[in-house]
Amino acid sequence: MIASLELKRMTDEELVRLYVASQSNRYFEHLYNRYSDKVYRKCLMFTKDPVKAEDFTHDIFMRLIVRLSSFKEQSKFSTWLFSITYNYCTDQLRSNRKKTEVPLNEEMDWLDDGDDKEVMEMEAQRLQKALGQLTLEEQSLLLMKYQDEVSIREIAAIHNLSESAVKMRLKRAKEKLKKRYLETMLFIGLLLAKFSPG
């Protein structure tokens with residue numbers, strides 16, 4: 001029997017292997033304890049509804065129990081779990097045909113190349129509004145890349161795309177995000193000009 005302290009020190013991948021081999025709930029519980037709050041927060045970003053976010057989190061972990069044996073360690077466990085989370089949220093919201101706005105409650109690190117400096121300088125509130133105007137797929141790609149720091153190679157594997165296709169989709173999503181952001185700024189500028197005493 002593995003001691004509780006020893007379990008806490010194990011990697012996610014080791015816990016997955018032990019769970020798949022033994023089907024013992026204690027290994028799954030450790031994974032659940034490590035990730036349930038993070039998955040819930042990601043669901044809440046998409047739904048903006050705590051009750052729905054709890055339901056989504058529950059559903060995602062139920063699916064995870066069934067799918068753990070298909071985890072092939074081609075990416076980190078957390079990357080794989082977050083891709084399941086994003087896909088589930090996107091599918092659920094698309095099936096409800098709701099246009100959703102994704103609030104940026106977590107700080108987003110816009111890493112990458114030099115032309116991303118424009119994105120880094122955007123104010124969070126306007127960025128949030130602009131991000132909410134993108135499709136769920138575009139939001140998901142941007143959040144995976146810049147919030148969860150998932151590599152291009154891992155995103156490509158998760159979505160069954162080539163790396164160049166992922167780069168192109170990210171580029172288009174960033175351009176669209178910048179455009180929506182600039183439109184928001186222009187609209188606010190026009191309103192201020194119209195109502196300012198003159």
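Computed from a prediction, not measured in an experiment: that's the story for all the values here.

## Remarks on the overall build of the protein
Regarding its fold elements, the protein presents ten helices and zero strands. The order of α-helices and β-strands along the protein, N terminus first, is α-α-α-α-α-α-α-α-α-α. Residues classed as buried in the protein amount to 42% of the 198 residues present. For the protein, the exposed area adds up to about 11700 Å²; of that, 51% sits on carbon and sulfur atoms.

## Some words on the packing of aromatic side chains
In the structure shown here, the tally under the stated rule is ten aromatic pairs. Centroid distance Tyr-32 to Phe-61: 4.8 Å. Interplanar angle 70°. Geometry classified as edge-to-face. Taken together, the residues span a long stretch of sequence, with Tyr-32 in helix H3 (residues 25-47) and Phe-61 in helix H4 (residues 50-67) at a distance of 29 residues. Measuring from ring centre to ring centre gives 6.1 Å for Tyr-35 and Phe-82, while their planes differ by 75°; the resulting arrangement is edge-to-face. Taken together, the positions of Tyr-35 in helix H3 and Phe-82 in helix H5 (residues 77-95) put the pair 47 residues apart, joining distant regions of the chain.

## Side note on the environment of Lys-179
For Lys-179, the location among the structural elements is in helix H10 (residues 163-195). Put simply, Lys-179 and Ala-130 are 49 residues apart on the chain and 8.3 Å apart in space, counted from C-alpha to C-alpha.

## Quick word on the packing of helix H2 (residues 12-22) against H3
Running from amino to carboxyl end, H2 crosses H3 at an angle of 145°, the nearest separation of the two axes being 8 Å. Crossing of H2 against H3: the hand is left-handed. Contact residues: Asp-12, Leu-15, Val-16, Leu-18, Tyr-19 and Ser-22 in H2; Asn-25, Tyr-27, Phe-28, His-30, Leu-31, Arg-34 and Tyr-35 in H3. Taken together, the residues of the contact of H2 with H3 break down into eight nonpolar, three polar and two charged.

## Concerning the state of the cysteines
Following the criterion strictly, the structure yields zero disulfides and no others. Cysteine Cys-43 shares no disulfide, and the gap to the nearest cysteine sulfur, in Cys-89, comes to 3.7 Å. For Cys-89, a relative accessible area of 0% translates into the label buried.

## Topic: the nonpolar core
Formed by 48 residues in total, the largest nonpolar core has its most connected members in Leu-64, Leu-68, Phe-77, Leu-81 and Leu-142. Breaking this core down by element, the ones donating at least two residues are H2, H3, H4, H5, helix H7 (124-132), helix H8 (136-147), helix H9 (152-159) and H10. Excluding its chain neighbours within four sequence positions, the residues that come into contact with Leu-68 are Val-16, Tyr-19, Val-20, Phe-28, Leu-31, Phe-77 and Trp-80.

## Details of H9
Burial in H9 covers these residues: Ile-152, Glu-154, Ile-155 and Ala-156. Two residues or fewer after H9 comes Asn-160, characterised by a positive phi angle close to 55°.

## Remarks on H8
A large share of H8 lies buried, amounting to eleven of its twelve residues. Turning to H8, its buried residues number three or more, namely Leu-136, Glu-138, Gln-139, Ser-140, Leu-141, Leu-142, Leu-143, Met-144, Lys-145, Tyr-146 and Gln-147.

## Things to note about unusual backbone geometry
A positive phi angle, close to 60°, is found at Gln-23, a residue other than glycine. Along the chain, the position of Gln-23 falls in the loop between H2 and H3. The phi dihedral of Lys-48 falls on the positive side, at around 60°, and the residue is not glycine. Tracing the backbone through its elements, the reader meets Lys-48 in the loop between H3 and H4.

## A few points about a nonpolar patch on the surface
A cluster of nonpolar side chains, namely Met-62, Ile-65 and Val-66, defines an oily patch on the protein surface of about 270 Å² accessible area. Here Val-66 falls in the exposed class, since its relative accessible area comes to 64%.

The rules behind each value
- Residues numbered from 1 in each chain as written.
- Predicted model: local features only at pLDDT ≥ 70, side-chain atom pairs only at ≥ 80, totals over all residues.
- Heavy atoms only, no water.
- Helix = DSSP H or I, 4+ residues; strand = E, 2+ residues; numbered from the N terminus.
- Buried < 20%, exposed > 50% of the residue type's maximum accessible area, 1.4 Å probe, protein only.
- Areas by Shrake-Rupley, 256 points an atom, 1.4 Å probe, with all protein chains shown as cover.
- Phe/Tyr/Trp six-rings, centres within 6.5 Å; stacked < 30°, edge-to-face > 60°.
- Axes fitted to C-alpha atoms, helices over the stretch in contact; angles between N-to-C directions.
- Left-handed = near helix turned anticlockwise from the far one by under 90°.
- Contact = heavy atoms within 4.5 Å.
- Nonpolar A, V, L, I, M, F, W, Y, C, P; charged D, E, K, R; others polar.
- Disulfide = S-S within 2.5 Å.
- Core = buried A, V, L, I, M, F, W, Y, C linked by side-chain atoms within 4.5 Å.
- Patch = residues over 30% accessible without salt bridge, like charges linked within 9 Å, V, L, I, M, F, W, Y side chains within 5 Å.
- Salt bridge = Lys/Arg side-chain N within 4 Å of Asp/Glu carboxyl O.

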